[in-house]
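Here is what each chain is made of, one letter per residue.
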Amino acid sequence: SGAATAATAAANATDATTTATDATITDATAPAPDPPPSRRPNISDEAKAELVAYFNAGGFGIGDRLPQTSSDENLNGIATRHDLIRPQIRSQFHSWKSRAYGNSDVILTTDPQALSDTLSSLLPDGFVANVLKVIGSGVVATLMIAMSRMKRTCDSTMSSM
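Figured I'd write up the structure that's included with this text. Quantities reported herein were computed from a predicted structural model and do not represent experimental measurements.

1. Description of the packing of aromatic side chains
Moving on, step 1. Across all of its chains, the model carries nine aromatic pairs by this definition.
Moving on, step 2. Between Phe-55 and Phe-60, the ring centres sit 6.1 Å apart and the planes meet at 75 degrees, which makes this aromatic pair edge-to-face. For the pair shown, Phe-55 and Phe-60 are each scored as buried.
Moving on, step 3. Ring centres 6.1 Å apart and planes at 20 degrees place the aromatic pair Phe-93 and Trp-96 in the stacked group. Of the two residues, Phe-93 and Trp-96 are both situated in helix 4 (residues 86-101); the distance of three residues between them amounts to about one turn of the helix.
Moving on, step 4. Exposure remark for Phe-93: the relative accessible area of 1% places this residue in the buried category.
Moving on, step 5. One aromatic cluster is present, formed by Tyr-54, Phe-55, Phe-60, Phe-93, Trp-96 and Tyr-101 through successive ring pairs.

Printed below as a string of structure tokens:
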């Protein structure tokens, strides 16, 4: 009975080896999985320049959305000429809006008193004192940025008239 158990164990080991070898052969001959979808090539500098010119001429505001390509002949022409898809155009639109309306060019170099004086000259008496009592200095910096943008917009509008 001990010899029969040993023989059965040896047979099982041989079967396990054969099964493992068969699995290896099957894995090696299996077709390779499909490669990931290829990325679109980068947008050419010429296409970027044409899109920026379109965005500048379009008068888009910070809250405006990108128009549908099919509904805008100029945008459709750019997309066709440069073989662009909507996600590529949308990415360029978001980059343009970040540059046009972003905070990257605003640097506050004033002390709190200068901030208070500037705000006081632009707002009704007592307003700045009350605001400064209620809210923290982080919000005041945000107000200063907004006021700076309003001034730039007014200045550029006045200069174009």
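2. With respect to the environment of Leu-66
Moving on, step 1. Relative to the helices and strands, Leu-66 is located in the loop between helix 2 (45-58) and helix 3 (73-81).
Moving on, step 2. For Leu-66, the contacting residues outside a window of four places in its chain are Phe-55, Leu-75, Arg-86, Ile-89, Arg-90 and Phe-93.

3. Side note on the side chain of His-82
Moving on, step 1. Its location among the elements puts His-82 in the loop between helix 3 and helix 4.
Moving on, step 2. His-82 gets classed as buried once you look at its relative accessible area, which sits at 16%.
Moving on, step 3. Other than its neighbours up to four places away in sequence, His-82 contacts Ser-44, Glu-46, Ala-47 and Glu-50.

4. As for the packing of helix 2 against helix 4
Each pair of packed helices can be described by the angle between their axes along with the distance between the axes.
Moving on, step 1. One way to put it is that helix 2 packs onto helix 4 with a least axis distance of 10 Å and a crossing angle of 60 degrees. Here helix 2 lies oblique to helix 4, going by the angle between them. Relative to helix 4, helix 2 is oriented so that their crossing is right-handed. For the pair formed by helix 2 and helix 4, the contact residues are Lys-48, Leu-51, Val-52, Phe-55 and Asn-56 on the first element and Ile-89, Gln-92, Phe-93, Trp-96 and Arg-99 on the second.
Moving on, step 2. Split by residue class, the contact of helix 2 with helix 4 holds six nonpolar, two polar and two charged.

5. Quick notes on the environment of Leu-115
Moving on, step 1. By secondary structure assignment, the location of Leu-115 is in helix 5 (residues 112-122).
Moving on, step 2. Here the alpha-carbon distance between Leu-115 and Leu-143, two residues 28 residues apart in the chain, equals 9.9 Å.

6. Description of the pattern of salt bridges
Moving on, step 1. One pass over the structure, following the stated rule, counts one salt bridge.
Moving on, step 2. Here Glu-50 and Arg-81 are joined by a salt bridge, their closest N and O atoms 2.2 Å apart. With Glu-50 in helix 2 and Arg-81 in helix 3, this residue pair connects regions lying 31 residues apart in the sequence.
Moving on, step 3. By relative accessible area, Glu-50 is classed as partly exposed at 24%.
Moving on, step 4. On the basis of relative accessible area, Arg-81 is assigned to the exposed category, the value being 55%.

7. Overview of the nonpolar core
Moving on, step 1. Counting residues in each nonpolar core, the largest one holds 14 residues, and the members touching the most others are Leu-51, Phe-55, Leu-84 and Ile-89.
Moving on, step 2. Where this core is concerned, the elements lending two or more residues are helix 2, helix 3 and helix 4.
Moving on, step 3. When residues in this core are grouped by element, the largest group, four residues, is from helix 2.
Moving on, step 4. Residues contacting Leu-84, with those up to four places away along its chain left out, are Ile-43, Ala-47, Leu-51, Ile-78, Ala-79 and Ile-89.

How each quantity is defined
Residues numbered from 1 in each chain as written. Predicted model: local features only at pLDDT ≥ 70, side-chain atom pairs only at ≥ 80, totals over all residues. Heavy atoms only, no water. Phe/Tyr/Trp six-rings, centres within 6.5 Å; stacked < 30°, edge-to-face > 60°. Buried < 20%, exposed > 50% of the residue type's maximum accessible area, 1.4 Å probe, protein only. Helix = DSSP H or I, 4+ residues; strand = E, 2+ residues; numbered from the N terminus. Contact = heavy atoms within 4.5 Å. Axes fitted to C-alpha atoms, helices over the stretch in contact; angles between N-to-C directions. Parallel < 35°, antiparallel > 145°, perpendicular 65-115°, else oblique. Left-handed = near helix turned anticlockwise from the far one by under 90°. Nonpolar A, V, L, I, M, F, W, Y, C, P; charged D, E, K, R; others polar. Salt bridge = Lys/Arg side-chain N within 4 Å of Asp/Glu carboxyl O. Core = buried A, V, L, I, M, F, W, Y, C linked by side-chain atoms within 4.5 Å.

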